[in-house]
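# Inside the fold
So you can see what is in the structure, the chains are spelled out below.
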Amino acid sequence: RVVLGLALIGCGLVGAFWLGAADETTTIVAAAGMAGTIAIFFGIALVAPFVIRPLVTLLSWPLRVAFPVEGSLAADAARTDPGRTAATCTALLIGLALVVAVNSLGSSFLKTISDEFDESFARDLTVQPRGFSPGQGPQQTIAKGLRDRLARIGEAEVVARERFVYTPELPGGEGKTDTDGLLIAFDPSEYDEVDTTEISGASREQAFRGIARGQVIVGEGYADEENLEVGDELRLDGPSGSHRARVAGTVRTVVFGGQTVSMSLELMRDVYGVTADSELALKATSDEARPALEREVERIVDADHPNLAVLSNDELKSDIEAQVNEQFGIFYAIVGVAIFASLFGIVNTLTMSVIERTREIGVLRALGATRWQVRRQVADESVVIGLIGALLGIAIGAGLGAALLQGLSSGIPGVEYRPPLETMLWVGVAGVVLGLLASILPARRAARLDVIRAISYE
């Protein structure tokens, strides 16, 4: 059973990796991901009975110290039928493991984005439309003339223009491809002052000179997918014309999964007909001038452009964090339902345990055990079950999240697994709380048993 369980867990992690690494979530890939997740939980159900006894001994130690009699009885009850205890823990750990796995994805993306901001953003402020999110339908643009007006502020050293266009068909060697992504345009002479992203395949100076001559810089994710290298040629086809551009360099970014093609403002205008700015990146003349710059920019924007927002780097990161969390919101809701359903499993197991131990509880009461001691025994057993479910849930969730992230990182270079330590701590607390909640009804039933009838119960 142990060998079969470990084999199922290994196959499940392979399925999760495949799901994360897939370019497209086809029916087969989705089925493999779901089958892998189910295999992991079946494997845990097979392995869990063999680790219940040592886990009960370890996790019940604080209870045995605080309540020597009740804690020892609770530990013995949990060890009596390790298969049933394991089945109950499995019901709980599924929900808690999904919490850790989903949060692993979210925290890893957010930490990677935060690191990218800290390493590559040399700007002080960003002006963009409120709710700006390229790829999520039509987006507002910035009114012409605002950039020149902001550039006249004495504390503004650079006001760089950025233009974003979502396309379902990125340019390829022979024309359009089936890959969706983001086209980015900027003035290299301005942009070099507000962005310090490391470029591979060429120096920044060479790559930016290439941009000025009509070349492009591609994201590493797209470059890996299309086997593009520096010097390769892409054909850009748009509503305003066509152009053949060589790859001047590649850049590691998590923006749009690394599916990006960057070019000059003139090239985007000539090929795609885009002349409106999507963002303005501002840099102050000095750190001391930054507060004054922010006040003046906010005054202008609030007075004449209420549809725009002025964001610091921290606010911009918070805005992106909110968008990421919104994407994971549906998963959190589903996981919440799974955790709630697992409570019924613990309640059912404890209720059956109380019924099976009716005579035992009657004997304990006849020997002098109080109602509260009986309540504490049942509650302690429930807490131990909850803690085991939380511990196993953290371990399985971390492994599942790492497998998914490892797969994703093959298509989105730069994304690294970052364990959600805070979430793991709260999952441990949740195990205790859920165990206590699940014990309320069974503990009440056990404490209210009639002693004489309980002793004669068969």
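Residues numbered from 1 in each chain as written. Predicted model: local features only at pLDDT ≥ 70, side-chain atom pairs only at ≥ 80, totals over all residues. Heavy atoms only, no water.

### Concerning the overall build of the chain
When helices and strands are tallied, the chain shows 16 helices and twelve strands. On C-alpha atoms alone, the chain measures out to a radius of gyration of 29 Å, which is more than a quarter above the 23 Å that the 2.2 N^0.38 rule sets for 458 residues. Over its C-alpha atoms, taken along the principal directions, the chain stretches across nearly 95 × 50 × 35 Å. Put simply, the chain has 458 residues, and 50% of those count as buried. Within the chain, contacts between residues at least 6 apart in sequence are counted, and of these 80% link residues at least 24 apart. (Helix = DSSP H or I, 4+ residues; strand = E, 2+ residues; numbered from the N terminus. Rg over C-alpha atoms; globule rule 2.2 N^0.38 Å. Buried < 20%, exposed > 50% of the residue type's maximum accessible area, 1.4 Å probe, protein only. Contact = heavy atoms within 4.5 Å.)

### Considering a nonpolar patch on the surface
Residues L425, W426, V429, V433, L437, I440 and L441 make up a contiguous nonpolar surface patch of about 720 Å² in total accessible area. When you line up the elements, W426 lands in helix α15 (residues 421–447). (Patch = residues over 30% accessible without salt bridge, like charges linked within 9 Å, V, L, I, M, F, W, Y side chains within 5 Å. Areas by Shrake-Rupley, 256 points an atom, 1.4 Å probe, with all protein chains shown as cover. Salt bridge = Lys/Arg side-chain N within 4 Å of Asp/Glu carboxyl O.)

### Some details on the packing of helix α5 (residues 82–120) against α15
At a minimum axis separation of 10 Å, α5 and α15 run at an interaxial angle of 160 degrees. One way to sum up the angle between α5 and α15 is to call them roughly antiparallel. The two elements α5 and α15 cross, and the hand of that crossing is right-handed. When α5 is examined against α15, the residues L92, L96, V99, V100 and N103 are found in contact with a partner set consisting of T423, M424, V427 and L434. Looking at the contact of α5 with α15 residue by residue, the class counts come to seven nonpolar, two polar and no charged. (Axes fitted to C-alpha atoms, helices over the stretch in contact; angles between N-to-C directions. Parallel < 35°, antiparallel > 145°, perpendicular 65-115°, else oblique. Left-handed = near helix turned anticlockwise from the far one by under 90°. Nonpolar A, V, L, I, M, F, W, Y, C, P; charged D, E, K, R; others polar.)

### Some words on unusual backbone geometry
Leaving glycine aside, a negative phi is the common case for residues, and trans is the common case for peptide bonds. In this structure, N227 takes a positive phi of about 55 degrees despite not being glycine. For N227, a relative accessible area of 64% translates into the label exposed.

### Topic: the environment of F121
With respect to the helices and strands, the residue F121 is situated in the loop between α5 and β1 (125–129). Counting along the chain gives 66 residues from F121 to L55, while the straight-line C-alpha distance between them is 47 Å. If sequence neighbours within four positions are ignored, F121 has contacts with E116, V194, T196, N313 and L316.

### Considering the side chain of R123
Position of R123 among the secondary structure elements: in the loop between α5 and β1. Taking relative accessible area as the criterion, R123 reaches 3% and is therefore assigned buried. Within the structure, the side chain of R123 is placed 3.1 Å from the side chain of T126, a separation counted as a polar contact. Those residues within four positions of R123 in sequence are excluded, and the remaining contacts are E162, Y191, V194, E279, A281, L282 and N313. (Polar contact = N/O pair within 3.5 Å; in protein donor to acceptor, adjacent residues only side chain to side chain.)

### Points about the packing of aromatic side chains
The relative placement of two aromatic rings is captured by the distance of their centres and the angle of their planes. In the structure shown here, the tally under the stated rule is three aromatic pairs. Consider the rings of F132 and F164, whose centres lie 5.9 Å apart with planes at 45 degrees: the pair is tilted. On the criterion of sequence distance, the pair formed by F132 in the loop between β1 and α6 (146–151) and F164 in strand β2 (residues 156–167) is long-range, its members being 32 residues apart. For the pair formed by F132 and F164, the shared burial category is buried. Measuring from ring centre to ring centre gives 5.7 Å for F186 and F208, while their planes differ by 35 degrees; the resulting arrangement is tilted. One end of the pair, F186, is in strand β5 (residues 181–186); the other, F208, is in helix α8 (residues 204–212), with 22 residues separating them in the sequence. Residue F208 is classed as buried on the basis of its relative accessible area, which comes to 9%. Through a chain of ring-to-ring contacts, three or more aromatic side chains come together here, namely F186, Y191 and F208. Seen from the ring of W372, R375 lies directly overhead, with NZ or CZ sitting 5.1 Å from the centre. (Phe/Tyr/Trp six-rings, centres within 6.5 Å; stacked < 30°, edge-to-face > 60°. Lys NZ or Arg CZ within 6 Å of the ring centre and 35° of its normal.)

### Considering the pattern of salt bridges
What the rule picks out here adds up to 18 salt bridges. A salt bridge links E162 to R123; the nearest nitrogen and oxygen atoms lie 3.2 Å apart. Note that E162 is positioned in strand β2 and R123 in the loop between α5 and β1, a separation of 39 residues in sequence. For E162, a relative accessible area of 3% gives the class buried. Notably, a salt bridge pairs D187 with R161, separated by 3.6 Å at the nearest N-O pair. Here R161 lies in strand β2 and D187 lies in the loop between β5 and α7 (188–191), a separation of 26 residues in the sequence. Owing to a relative accessible area of 21%, R161 belongs among the partly exposed residues under this scheme. Salt bridges sharing common partners tie together R147, D148, R161, D187 and E190.

### Thoughts on the pairing of β2
Counted residue by residue, β2 has nine buried out of twelve residues, so it is predominantly covered. When β2 meets strand β11 (residues 279–284), the two strands line up antiparallel, connected through six bridges. Paired with V159 across the strands is L282, a residue of β11. As paired elements, β2 and β5 share six bridges and run antiparallel to each other. From the neighbouring strand, R163 faces β5, where its bridge partner is A185. (Pairing = 2+ DSSP bridges.)

### A closer look at the nonpolar core
Judged by nonpolar contacts, the single largest core of 53 residues is most densely connected at V56, L96, I388 and V427. Those elements that place two or more of their residues in this core are α1 (2–21), α2 (27–59), α4 (68–80), α5, β12 (308–312), α12 (313–356), α14 (371–411) and α15. Among residues more than four places away in sequence, those in contact with L96 are I339, G389, A390, G393, V427 and L434. The next biggest cluster of nonpolar side chains, apart from the first, holds 21 residues, and it includes A185, V216, L234 and V274. (Core = buried A, V, L, I, M, F, W, Y, C linked by side-chain atoms within 4.5 Å.)

### Re helix α10 (residues 265–272)
For α10, the set of buried residues is L265, L267, M268, V271 and Y272. Within α10, the buried residues cover an arc of 165 degrees as seen down the axis, which keeps them to one side. (Arc of directions from axis to C-beta.)

### Overview of the pairing of strand β10 (residues 260–264)
Across the five residues that make up β10, a large majority, five, are buried. Sheet topology places β5 next to β10; five bridges connect them, and they run parallel. Note that in β10 the partner of L183 across the bridge is V261. Relative to β10, strand β7 (residues 216–219) runs antiparallel, the two sharing two bridges. Along β10, the bridge assignment pairs I217 with S262.

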